[in-house]
Amino acid sequence: APWGYSKENGPATWHKDCPIANTGVRQSPIDLITTGQTCAKYDSNLKPVIVSYPAFSEATFLNNGHSVQFQPSAGNLSELSGGPLTKKYKFEQFHFHWGNNDSEGSEHRVNGKMYPAELHLVHWNSESPNFSSFQEAVGSNDPHALCVLGFFLKVGAENASLKPITDLLSKVKNAGSSVSFPGKFDLKAVLPETLTDYYTYDGSLTTPPLAECVKWIVFKEPIEVSTAQMEAFRAVDDGHGKPITGNYRPPCPLHTRTVAASFK
Ligand SMILES: NS(=O)(=O)c1ccco1
Ligand SMILES: [Zn+2]
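Residues numbered from 1 in each chain as written. Chains lettered and ligands numbered in written order. Predicted model: local features only at pLDDT ≥ 70, side-chain atom pairs only at ≥ 80, totals over all residues. Heavy atoms only, no water.

Peer 1: I tried to follow the coordination of the zinc ion (ligand 2) on my own but got confused; where do I start?
Peer 2: Think of it this way: four donors in a tetrahedron around the metal ideally sit 109.5 degrees apart, and six in an octahedron ideally sit 90 or 180 degrees apart. Bound to the zinc ion (ligand 2) are the protein donor atoms His95 (NE2), His97 (NE2) and His120 (ND1), situated 2.0 Å from the metal. Here the zinc ion (ligand 2) is ringed by four donor atoms whose angles at the metal span 98 to 119 degrees, and the overall shape comes out tetrahedral. Read N to C, the donor residues that coordinate the zinc ion (ligand 2) are spaced as H-x1-H-x22-H. Of the two residues, histidine 95 sits in strand β7 (residues 89–98) while histidine 120 sits in strand β9 (residues 117–125), which places them 25 residues apart along the sequence. With a relative accessible area of 1%, histidine 120 lands in the buried category. (Donors = N, O, S within 2.8 Å, 3.2 Å for Na, K, Ca; no water. Tetrahedral: all angles 85-135°; square planar, octahedral: opposite > 155°, others 65-115°. Helix = DSSP H or I, 4+ residues; strand = E, 2+ residues; numbered from the N terminus. Buried < 20%, exposed > 50% of the residue type's maximum accessible area, 1.4 Å probe, protein only.)

Put into structure tokens, the structure is as follows:
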């Protein structure tokens, strides 16, 4: 049976098809600890993250049964650089993780605290000689083949920039359903202006195949969405006639990794 988040096919069972779930030493997500021994260490060399996200004009919005995913056509020119990165990365897709109440849902945690949701912007290194697509990057064994930007979502004011996305959730209620995104979508408008304060560490995909190929950049400043917008996520079905309630993987052991912080 395909993997998911239920008792029968959830994170505790993924090791059966993906042994790295239990044997990997750089798995994601993690709990971002800000004080004490294993805490994130300030690195003054960390620069702001630079994104170039021209409004997407052609994209598919899909409910794949374990998340909802916005994927622009391959020709999109969106790029990522700066921060801890030494290369330019190409935008592949964004998707979300959420819970069925406001006290859970994010994948990364901060001192054990979960946010109600987490937005992942997935990119792949477009300057590597070893691969030339997202799928190839995932299978490349390159430790920084991918870079995923993580943004926490918290409940507050309605997020007008994300409204075109949350308004579309009812149209992809059924797992496996997708719609062509109508019009343009300005992802840049969703993000905080300054991408200066973040945690960064070497990790993995948080869903099978759990490949350990991700440079993670998780931003300190959450993005606000309204309760109604959060509720819209909670109505999306998982393909077994039930809403997806909690498509987040619990935190994984840090092992010998260190987490760097771009802020004090
Ligand atoms: N959740 S995530 O961003 O680590 C990801 C991207 C593709 C598969 O899993
Ligand atoms: Zn994700």
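Peer 1: When you look at the site of ligand 1 in this model, what are you seeing that I'm missing?
Peer 2: As a structural note, the neighbourhood of ligand 1 is formed by His95, His97, Glu107, His120, Val122, Val148, Leu205, Thr206, Thr207 and Trp216. One nitrogen or oxygen atom from the side chain of threonine 206 is found 2.8 Å from a nitrogen atom belonging to ligand 1. At 3.0 Å, a side-chain N or O of threonine 207 approaches an oxygen atom of ligand 1. Calculation on ligand 1 without its partners gives an accessible area of 270 Å², and the protein chains cover 91% of this total. Looking at the shell around ligand 1, the elements that each hand over two or more residues are β7 and β9. Here the shell around ligand 1 is composed, by residue class, of four nonpolar, five polar and one charged. (Near = heavy atom within 4 Å. Polar contact = N/O pair within 3.5 Å; in protein donor to acceptor, adjacent residues only side chain to side chain. Areas by Shrake-Rupley, 256 points an atom, 1.4 Å probe, with all protein chains shown as cover. Nonpolar A, V, L, I, M, F, W, Y, C, P; charged D, E, K, R; others polar.)

Peer 1: Explain the packing of aromatic side chains here, please?
Peer 2: How two aromatic rings sit relative to each other is set out by the distance from centre to centre and by the angle between their planes. Applying the stated rule across the entire model yields 19 aromatic pairs. Taking the centre distance of 5.6 Å and the plane angle of 50 degrees together, the rings of phenylalanine 56 and phenylalanine 70 count as tilted. Separated by 14 residues along the polypeptide, phenylalanine 56 in the loop between β3 (49–52) and β4 (59–63) and phenylalanine 70 in strand β5 (residues 68–72) bring together distant segments of the chain. Each member of the pair, phenylalanine 56 as well as phenylalanine 70, is classed as buried. Ring centres 5.2 Å apart and planes at 75 degrees place the aromatic pair phenylalanine 70 and phenylalanine 181 in the edge-to-face group. Note that phenylalanine 70 is positioned in strand β5 and phenylalanine 181 in the loop between β11 (178–180) and β12 (198–203), a separation of 111 residues in sequence. Like phenylalanine 70, the residue phenylalanine 181 is buried in the burial classification. Taken together through their ring pairs, the aromatic side chains of Tyr53, Phe56, Phe70, Phe91, Phe94, Phe96, Trp98, Phe181, Phe185 and Phe233 make up a single cluster. In this structure, lysine 113 packs its charged tip against the face of tyrosine 115, placed 4.6 Å from the ring centre. Above the face of the phenylalanine 263 ring, lysine 220 is positioned so that its terminal group lies 4.7 Å from the ring centre. (Phe/Tyr/Trp six-rings, centres within 6.5 Å; stacked < 30°, edge-to-face > 60°. Lys NZ or Arg CZ within 6 Å of the ring centre and 35° of its normal.)

Peer 1: Help me understand the nonpolar core in this model?
Peer 2: Within soluble globular proteins, side chains that are nonpolar tend to cluster in buried spots. Of all hydrophobic cores here, the largest spans 44 residues; its most connected members are Phe94, Phe96, Leu121, Leu149 and Phe185. Among the elements that line this core, the one with the most residues is β7, at five residues. Val110, Tyr115, Trp124 and Cys213 belong to the second-largest nonpolar core, a separate cluster that totals 27 residues. (Core = buried A, V, L, I, M, F, W, Y, C linked by side-chain atoms within 4.5 Å.)

Peer 1: Explain the layout of surface pockets to me, please; I cannot follow it from the model alone.
Peer 2: One number sums up the size of the largest pocket: a volume of about 450 Å³. What lines the largest pocket is a set of 21 residues, among which Gln69, Gln93, Phe134, Leu205 and Thr207 lie closest to the centre. Looking at the lining of the largest pocket, the elements that each hand over two or more residues are β5, β7, β9 and α2 (134–138). At four residues, β7 tops the list of elements feeding residues into the lining of the largest pocket. Residue composition of the lining of the largest pocket, grouped by class: eight nonpolar, twelve polar and one charged. Of the pockets and cavities examined, the second largest pocket occupies roughly 330 Å³. (1 Å grid on protein atoms, 1.4 Å probe; cavity = no way out; pocket = protein on both sides within 12 Å on 5 of 7 lines; lining within 4 Å. Points joined across faces, edges and corners; volume = space filled by probe spheres on them.)

Bear in mind that shape data such as this cannot, by itself, settle questions of function.
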